[in-house]
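Chain by chain, the residues:
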Amino acid sequence: MVSTDSSYKIGKTKASLQLTQQNTGLFSGYFSNDYDKPEKSKAIYTGYANISSITQLKSFKREKRINIDQFNCFMLKIRGDGRTYMLILHTPQRYTMTYTYMHMYPLYTRGGPYWQYVKIPFSKFFHVTHGRVSDKQYRFEGLGVKSIGITCMDGNEGPFSLEIDHIGVVKDNECTEDFAYEVYKIPKYISNT
């Protein structure tokens, strides 16, 4: 599923996901920071393009979750344009009233004609809420992934292109890090506790 700021009639970014002749996915378009509505409150939501997997449904419209807890790394084969993208895992494991609990990690692309192999340990994903890094971090466990997506929101206006050969998960016995980020106790009623 492809979505941009123009999907919500706020911005002017255009994006598409196409299958190439080599059977790879090409996520491309034109990134724009311009916005349609003059209100300043709407301007902060402009300038993004996103692709994400569609949530599968079981009987009675129950969501089917992906469990990858027996693995510990994502492996991607991509060819980018030098922009920074974000790999996003929608992980609504905790009870919330919102749809915005996710884990993210930046994908730095080199640009050029060569394929890039990227291995991302689960321990490197950081927790975000409403697109902002949360004060209270917890490790991505690999349980209950609702969808997987890639977002371009680097703020640089112009064309973008990311070719994706595959996204997979692997078990790497050399990745023994539990969590890459500092975890500390925040007093109650301060922030996202």
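Residues numbered from 1 in each chain as written. Predicted model: local features only at pLDDT ≥ 70, side-chain atom pairs only at ≥ 80, totals over all residues. Heavy atoms only, no water.

A. Representation of the state of the cysteines in the model. Using the criterion set out here, one finds zero disulfides in the structure. C73 carries a free sulfur, and the closest cysteine sulfur to it, the one in C175, is 3.4 Å from it. Note on C73: relative accessible area 0%, which makes it buried. (Disulfide = S-S within 2.5 Å. Buried < 20%, exposed > 50% of the residue type's maximum accessible area, 1.4 Å probe, protein only.)

B. Region of interest: the nonpolar core. In this structure, F74 and L107 are the most contacted members of the largest nonpolar core, which totals 23 residues. Within the residue set of this core, elements represented by two or more residues are β3 (25-31), β4 (49-52), β5 (73-79), β6 (84-90), β8 (116-121), β11 (147-152) and β12 (158-170). Listed in part, the five residues of the second largest apolar core include M86, I88, M104 and V128. (Core = buried A, V, L, I, M, F, W, Y, C linked by side-chain atoms within 4.5 Å. Helix = DSSP H or I, 4+ residues; strand = E, 2+ residues; numbered from the N terminus.)

C. Highlighting the pattern of salt bridges. Evaluated as defined, the whole model comprises eleven salt bridges. Ionic pairing is found between R65 and E63, a salt bridge with its closest N-O pair at 2.9 Å. A relative accessible area of 32% means that R65 is categorised as partly exposed. Residues participating in the shared-partner salt-bridge network are E63, R65 and K146. (Salt bridge = Lys/Arg side-chain N within 4 Å of Asp/Glu carboxyl O.)

D. How the structure looks around the packing of aromatic side chains. For the structure on display, the rule yields eight aromatic pairs. A centroid spacing of 5.2 Å and a plane angle of 65° characterise the contact between F27 and F160, whose relative ring orientation is edge-to-face. Pair noted here: F27 is in strand β3 and F160 is in strand β12, with a separation of 133 residues, a long-range link. By relative accessible area, which is 3% here, F160 ends up buried. Ring pairing ties together the aromatic residues F74, Y105, F122, F125 and F140, which thus form one cluster. Of note, K77 hangs over the ring of W115, and the distance from its end group to the ring centre comes to 5.2 Å. (Phe/Tyr/Trp six-rings, centres within 6.5 Å; stacked < 30°, edge-to-face > 60°. Lys NZ or Arg CZ within 6 Å of the ring centre and 35° of its normal.)

E. Highlighting the side chain of T13. You can see T13 is positioned in the loop between β1 (2-4) and β2 (14-19). Given the relative accessible area of 0%, T13 is considered buried. Setting aside its immediate chain neighbours within four residues, T13 contacts T4, D5, S6, Y30, F31, S32, G47, Y48 and A49. (Contact = heavy atoms within 4.5 Å.)

F. Highlighting the side chain of T109. Position of T109 relative to the elements: it lies in the loop between β7 (101-108) and β8. According to the relative accessible area criterion, T109 is buried, its value standing at 8%. Separated by 2.6 Å, the side chain of T109 and the backbone oxygen of R83 make a polar contact. Ignoring any residue separated from it by four or fewer positions in sequence, one finds T109 in contact with I78, G80, D81, G82, R83, Y85, Q116 and L162. (Polar contact = N/O pair within 3.5 Å; in protein donor to acceptor, adjacent residues only side chain to side chain.)

G. Region of the structure containing the sheet that holds β3. Reading across from one edge, β2-β3-β12-β5-β8 is the order of the five strands in this open sheet, with antiparallel pairing throughout. This sheet does not close on itself; its edge strands, each paired only once, are β2 and β8. Neighbouring strand axes in the sheet, compared pairwise and without regard to direction, differ in orientation by 25° on average. Direction of pairing for β2 relative to β3: antiparallel, over a ladder of six bridges. Paired with K14 across the two strands is Y30, which belongs to β3. (Pairing = 2+ DSSP bridges. Axes fitted to C-alpha atoms, helices over the stretch in contact; angles between N-to-C directions.)

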